[in-house]
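Letter by letter, the chains look like this.
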Amino acid sequence: MEIHETPYKSKFVSQLLNLLLDKYELSQSFVTGQPSKQRPQLSLNKSPFWQDYTDEMDFRKRIWINEAASELERLGLVELNWARFRTGEQLERIYLRWSELKAAYRVAGRMPKRDKLERLRHILTPLSRHPWEWVRVWSEQADVSLAEGKTAHLEVDDPEGYKDLVCVLLELPRLERAVPIRLLSQKLFKDSKHMERNVQRRLLSLAKQASGEERETEEEWLDFLGVAKNPQIVLVSGPLSFRTTDSRKVDIGVFAGGVGLSDKTVEEMYQVQTVATRIVTIENLATYHLWLEHASELRDTELVLYTGGFPHRSLQSFLCRLAEHLASASEKNIEVYHWGDIDLGGIRIFEYLRKQFFSNLRPMLMDAETLLRYESSAASISDEYAGKLEEALKDTRLTHWRQVLQTMLDRRIRLEQESIVELD
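What you are looking at is a predicted structure, and each value in this text was computed from that prediction instead of being measured.

For the rest of this paragraph, the subject is the sheet that holds strand 2 (residues 78-82). Spatially, 1-3-2 is the arrangement adopted by the three strands of the open sheet, whose pairing is antiparallel. Single-partner strands in this sheet number two, and they are strand 1 (41-43) and strand 2. Looking at each pair of strands side by side, their axes are set apart by 15° on average, direction ignored. In this sheet, strand 3 (residues 91-96) lies alongside strand 2 in antiparallel orientation, the contact comprising five bridges. Bridged to asparagine 81 within strand 3 is arginine 93.

See the structure below:
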């Protein structure tokens, strides 16, 4: 392909200056703001220009590179080091001059990294007054790093993306209940899919990094933030009654397969009551339906709830109302059980339910004996997962789980609820 002198030289100058500025922005001198003895430099024989420089089929490239580099030296942007006795012919090394950094950025058509960091500091400033402590702490730490010339693992070339992130983070505390992500996106950006395309990845990454919370699925993390993939439903079966805002009494016990309560229903319900002698919460949907089929004769005495993994916000609201009812003196003898996966996620869900709603909660089919009984159906664990089990064994809050945790570690297995299909 035919090449021409002017565009070739222009491309070389841009690539060269950007390579030198990259080296500068990765140096300690950039962080301190003080020049050092070691200047940003480029050895031509180790550069992407070497192939062109030594191209015996087209000697013009060598001449053009020498001429373009010499012009940069004349402008004071760089200093050239030529091979001995071959000045102007054999270029060996190119140094960026400290005194002309601003000019180098201008000629390269590039925004200085320091300006990018300051721009990002300005964008993140509103988060310093955020209602959520973990967001405030993260923004303060990010601000300190940016002020010190560090990127804090932020994508400094995407200011618009961080403007969107700040916009969403400022809106989340105002939500009264979990809002479908596309409705929230339409409200904030006039585009129902903008959040999923441009904000969700960074938002979830921030929550995982800074919140101190533990969730497993994408849906659970979104729910933690107050966002739902889809409208949330509470699945419940058994003897349960409540009153609606118009004072009508609703009894769901008449439905053999249970019902699904919308978040609006949960929000407006009050005087939640049950005559059940036992309550069972179940982590997975297939197992929930299996249990209803198995325990159909108990439908008048057993209240069964589907948690959907980590309970979403509507379910948490429902559980609060149910727990208030159970706290009354006449209901203290009701037994409450949770059946979940025999893994770290299942244990964390159990502990959350016990801490937040049911202090008398007991595990069901989540012991070492069950794990060993269904060992042939269990999934193997990775070395990384084994390390997490070792950490869990050191956690004093999980002492009563020690036997099952140790069995999981020794056998290097974990068991999902769906593996148990035959109920006694």
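Our focus in this paragraph is the packing of helix 8 (residues 159-171) against helix 9 (residues 181-189). In contact at an axis separation of 11 Å, helix 8 and helix 9 are set at 115° when each is read in the N-to-C sense. Looking at the two axes, helix 8 sits roughly perpendicular to helix 9. Considering the relative orientation of helix 8 and helix 9, their crossing is right-handed. Between helix 8 and helix 9, the contacting residues are Asp164, Cys167, Val168 and Glu171 on the first element and Leu184, Lys187, Leu188 and Phe189 on the second. Taken together, the residues of the contact of helix 8 with helix 9 sort by class into five nonpolar, no polar and three charged.

Across its 13 residues, helix 15 (residues 344-356) extends 18 Å between first and last C-alpha, which sits within 8% of the 18 Å expected from 1.5 Å per residue. Every buried residue belonging to helix 15 is among Leu344, Gly345, Gly346, Ile347, Ile349, Phe350, Glu351, Tyr352 and Leu353, and all of these are buried. As for helix 15, its buried residues are in contact with strand 11 (278-282), helix 14 (313-326), strand 13 (335-339), strand 14 (362-363), helix 17 (383-394) and helix 18 (402-411).

Attention now moves to unusual backbone geometry. Residue alanine 152 is not a glycine yet carries a positive backbone phi of 55°. Relative to the helices and strands, alanine 152 is located in the loop between helix 7 (133-147) and helix 8. Looking at alanine 152, the relative accessible area reads 26%, which means it is partly exposed. In this model, serine 247 sits at a positive phi of 70°, which is unusual for a non-glycine residue. Structurally, serine 247 is set in the loop between strand 7 (240-243) and strand 8 (249-251).

On inspection of all chains with the given rule, the structure shows 40 salt bridges. Put simply, aspartate 191 and arginine 197 hold a salt bridge, and the shortest N to O gap is 2.5 Å. Judged by relative accessible area, aspartate 191 falls into the partly exposed class, the value being 24%. With its nearest N and O atoms 2.8 Å apart, the salt bridge here joins aspartate 246 to arginine 248. When its relative accessible area of 43% is taken as the criterion, aspartate 246 is described as partly exposed.

With that settled, the discussion passes to the packing of aromatic side chains. Pairs of aromatic rings are described using the distance from one ring centre to the other and the angle between the two planes. The tally for this structure, following the rule as stated, stands at 14 aromatic pairs. Between the aromatic rings of phenylalanine 350 and tryptophan 401, the centroid separation amounts to 5.2 Å while the plane-to-plane angle is 80°, which identifies the pairing as edge-to-face. Within this pair, whereas phenylalanine 350 is found in helix 15, its partner tryptophan 401 is found in the loop between helix 17 and helix 18, the two being separated by 51 residues in sequence. Residues phenylalanine 350 and tryptophan 401 agree in their burial class; the two are buried. A ring pair is formed by phenylalanine 357 and phenylalanine 358, whose centres lie 6.2 Å apart and whose planes are at 50°; its orientation type is tilted. Neither residue differs from the other here; phenylalanine 357 and phenylalanine 358 are each classed as buried. Taken together, Trp132, Trp134, Trp221 and Phe224 form an aromatic cluster joined through their ring pairs. The ring of tyrosine 385 carries arginine 414 above its face, with NZ or CZ at 5.9 Å from the centroid.

Further remarks concern the sheet that holds strand 7. One open sheet holds the three strands; their spatial order is 8-7-10, and the pairing between them is antiparallel. If you trace the sheet from one side to the other, it starts and ends with strand 8 and strand 10 (270-274), each paired once. Strand-to-strand twist in this sheet, taken as the mean axis angle between neighbours without regard to direction, amounts to 15°. With three bridges connecting them, strand 7 and strand 8 associate as antiparallel partners. The residue of strand 8 that forms the bridge with serine 241 is aspartate 251. Sheet contacts for helix 14: strand 7 and strand 10; angle to strand 10, the most-contacted strand, approximately 65°.

As a further point, take the environment of tryptophan 339. Inspection of the secondary structure assignment puts tryptophan 339 in strand 13. For tryptophan 339, a relative accessible area of 0% corresponds to the buried category. Spatially, the C-alpha atoms of tryptophan 339 and threonine 307 are 9.8 Å apart, while their sequence positions differ by 32 residues.

The rules behind each value
- Residues numbered from 1 in each chain as written.
- Predicted model: local features only at pLDDT ≥ 70, side-chain atom pairs only at ≥ 80, totals over all residues.
- Heavy atoms only, no water.
- Pairing = 2+ DSSP bridges.
- Helix = DSSP H or I, 4+ residues; strand = E, 2+ residues; numbered from the N terminus.
- Axes fitted to C-alpha atoms, helices over the stretch in contact; angles between N-to-C directions.
- Parallel < 35°, antiparallel > 145°, perpendicular 65-115°, else oblique.
- Left-handed = near helix turned anticlockwise from the far one by under 90°.
- Contact = heavy atoms within 4.5 Å.
- Nonpolar A, V, L, I, M, F, W, Y, C, P; charged D, E, K, R; others polar.
- Expected span 1.5 Å × (residues − 1).
- Buried < 20%, exposed > 50% of the residue type's maximum accessible area, 1.4 Å probe, protein only.
- Salt bridge = Lys/Arg side-chain N within 4 Å of Asp/Glu carboxyl O.
- Phe/Tyr/Trp six-rings, centres within 6.5 Å; stacked < 30°, edge-to-face > 60°.
- Lys NZ or Arg CZ within 6 Å of the ring centre and 35° of its normal.

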